[in-house]
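Take a look at the letters that make up each chain.
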Amino acid sequence: MRSVLEILSASDYVSGESIGAELGISRAAVWKKISALRSDGWEIASAGKRGYRLLAGDRLEPELWTHSLNTNSLGRGENRYLFTTDSTNAEAKRMAAAGAPHGSLCLCETQTHGRGRRGRSWHSPEGRGLWLTLLLRPELAPQDAPLLTFCSALAMRRAVLSTTGLAAAVKWPNDLILNQKKICGILLELAADPDKIEYVVIGTGLNVRRGAYPPELSSSAASLEVFLYNNSLPLRRDILCAYLTHMEELIGAVSARGLAAIREEYVRASCTLGREVLVSGAVQITGTAEDIDGSGALLVRDADGRIHRLLAGDVSVRGVMGCE
Ligand code: BTN
């Protein structure tokens, strides 16, 4: 069954009566749902018998933002906007299989099976975040693909900074953290031969509007809006355009010069390097995160002075996101 937001998104004016008929609820109940959406910040006009209309407000349809985009390739291929999809990464892979070009983008209002790293799911409530995946066909060696997740983290960090003034930290490899809470996660999936990338899909989820989180996330995740106090929340499409611009620049830099091109910015933004970390993956290691190497691996020195090179794994940093 469609939600009220979905019905409004798909129409011009739509009467309370027909919304009620579709959802099997009274006109008064429709009015209550419209009021709840308005107090969540959605701009909804009402015009007597014609009913309700969702104004451009915080909408993401490509026709509302491609004209203000100043990129060459990102957001210039196939742009697929869906109200609901299983996962924008899964959809972007289907687009890749059908031949969509480098720079194509999939974004949506809600995901039914949003994917996180390490097989986790990603909470993707309707209208409350930027849930997007870029399809790239980059000129990079497969072992350098992880650098693209650094690019995405830095691009989203810059976009958040320029649209809200909030400076997030990067937790290795690519989570964005504000006030000890995760606001953004990135999932890269790769299709490659041993020496050539066929494509990568790089999915980025940014929690934007406030709302309840499931109990297992409530102590570790948060949305941008809660850190903005009296400042207004930017439009998601403005964050998106800033992200795409920065992402294009960073991918260009990394393709030409590798990690060296972004290393200084990454190190400055990092809340992992120089800190005590606990790495839980195939093996558990505690130690000091000393550095990252050229392909983005984390170098951790344990109590015996041995250096461990970590390619993946969940890193908890003391004092960040509930790790004591
Ligand atoms: C993580 O931190 O575990 C990674 C989360 C990645 C979430 C994004 S939301 C858009 C894209 N589609 C998905 O299914 N996952 C990514």
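Residues numbered from 1 in each chain as written. Predicted model: local features only at pLDDT ≥ 70, side-chain atom pairs only at ≥ 80, totals over all residues. Heavy atoms only, no water.

Across its full length, the protein chain holds seven helices and 14 strands. By the compact-globule yardstick of 20 Å for 324 residues, the protein chain fits well, its C-alpha radius of gyration being 21 Å. Expressed along its principal axes, the backbone C-alpha trace of the protein chain runs to roughly 75 × 45 × 35 Å. The buried share of the protein chain, reckoned over its 324 residues, is 52%. Counted over contacts in the protein chain with a minimum sequence separation of 6, partners at least 24 positions apart contribute 63%. Counting only carbon and sulfur atoms, one obtains 49% of the accessible surface of the protein chain, whose full area is about 14600 Å². (Helix = DSSP H or I, 4+ residues; strand = E, 2+ residues; numbered from the N terminus. Rg over C-alpha atoms; globule rule 2.2 N^0.38 Å. Buried < 20%, exposed > 50% of the residue type's maximum accessible area, 1.4 Å probe, protein only. Contact = heavy atoms within 4.5 Å. Areas by Shrake-Rupley, 256 points an atom, 1.4 Å probe, with all protein chains shown as cover.)

Further remarks concern the packing of aromatic side chains. Taken as a whole and judged by the stated rule, the model has one aromatic pair. Geometrically, the ring pair formed by Phe150 and Tyr266 is stacked, given 4.3 Å between the ring centres and 20° between the ring planes. Residue Phe150 is found in helix α5 (residues 146–164), and its partner Tyr266 is found in helix α7 (residues 263–269); the two are separated by 116 residues along the sequence. Here the two residues Phe150 and Tyr266 agree in accessibility, since each one is buried. Lying over the aromatic face of Trp42, Arg209 brings its terminal NZ or CZ to 4.5 Å of the ring centre. (Phe/Tyr/Trp six-rings, centres within 6.5 Å; stacked < 30°, edge-to-face > 60°. Lys NZ or Arg CZ within 6 Å of the ring centre and 35° of its normal.)

Once that is clear, we can look at the environment of Thr245. Along the polypeptide, Thr245 turns up in helix α6 (residues 236–257). Residue Thr245 is classed as partly exposed on the basis of its relative accessible area, which comes to 27%. When the C-alpha positions of Thr245 and Asn72 are compared, they lie 8.9 Å apart, and in sequence the two are 173 residues distant. Excluding its chain neighbours within four sequence positions, the residues that come into contact with Thr245 are Asn70 and Thr71.

Residues in contact with the ligand amount to 19 residues; listed here are only the nearest, Ser87, Gln111, Arg115, Arg117 and Lys182. In this structure, Lys182 approaches the ligand through a side-chain N or O atom, which is 2.6 Å from an oxygen atom. Within the complex, 98% of the 410 Å² of free accessible area of the ligand lies under protein. Looking at the shell around the ligand, the elements that each hand over two or more residues are α4 (88–97), β5 (129–136), β8 (181–192) and β9 (197–207). In terms of residue count, the dominant contributor to the shell around the ligand is β8 (four residues). Of the residues contributing to the shell around the ligand, the split by class is four nonpolar, 11 polar and four charged. (Near = heavy atom within 4 Å. Polar contact = N/O pair within 3.5 Å; in protein donor to acceptor, adjacent residues only side chain to side chain. Nonpolar A, V, L, I, M, F, W, Y, C, P; charged D, E, K, R; others polar.)

Our focus in this paragraph is the sheet that holds strand β6 (residues 169–171). The strand order across the open sheet built from seven strands is β3-β4-β5-β9-β8-β7-β6, with neighbouring strands paired in mixed fashion. Each edge of the open sheet carries a strand with a single partner, namely β3 (79–85) and β6. Strand-to-strand twist across the sheet, computed as the mean angle between neighbouring axes with direction ignored, equals 20°. As paired elements, β5 and β9 share eight bridges and run antiparallel to each other. Each residue of the ladder has a partner; that of Thr133, found in β9, is Gly203. Across the sheet, α6 touches β4 (104–111), β5 and β9, and the angle it forms with β5 is around 30°. (Pairing = 2+ DSSP bridges. Axes fitted to C-alpha atoms, helices over the stretch in contact; angles between N-to-C directions.)

Looking now at the nonpolar core. Counting residues in each nonpolar core, the largest one holds 81 residues, and the members touching the most others are Leu8, Met156 and Leu206. Not counting chain neighbours up to four residues away, the residues in contact with Leu206 comprise Arg128, Gly129, Leu130, Trp131, Met156, Val160, Ile183, Cys184, Leu224 and Ile239. Core analysis: the second largest hydrophobic core is formed by nine residues, Cys106, Leu135, Ala191 and Val201 among them. (Core = buried A, V, L, I, M, F, W, Y, C linked by side-chain atoms within 4.5 Å.)

Turning our attention to the environment of Lys49. In this fold, Lys49 is placed in the loop between β1 (44–47) and β2 (51–54). As for Lys49 and Ala191, which are separated by 142 residues in sequence, their C-alpha atoms are 53 Å apart.

For the rest of this paragraph, the subject is empty space enclosed by the protein. Counted according to the given criterion, the structure contains two cavities of 30 Å³ or more. Roughly 50 Å³ of internal volume is contained in the largest cavity. What lines the largest cavity is Leu5, Ser9, Trp42, Leu54, Asp58, Arg59, Glu61, Tyr81, Phe83, Glu109 and Arg236. Listed by contribution, the elements that provide at least two residues to the lining of the largest cavity are α1 (4–9) and β3. Each residue belonging to the lining of the largest cavity can be placed in one class, and the counts come to five nonpolar, one polar and five charged. Along its surface, the second largest cavity is lined by His123, Pro125, Arg128, Gly129, Trp131, Asn207, Arg209, Tyr213 and Ser223. By residue class, the composition of the lining of the second largest cavity is three nonpolar, four polar and two charged. (1 Å grid on protein atoms, 1.4 Å probe; cavity = no way out; pocket = protein on both sides within 12 Å on 5 of 7 lines; lining within 4 Å. Points joined across faces, edges and corners; volume = space filled by probe spheres on them.)

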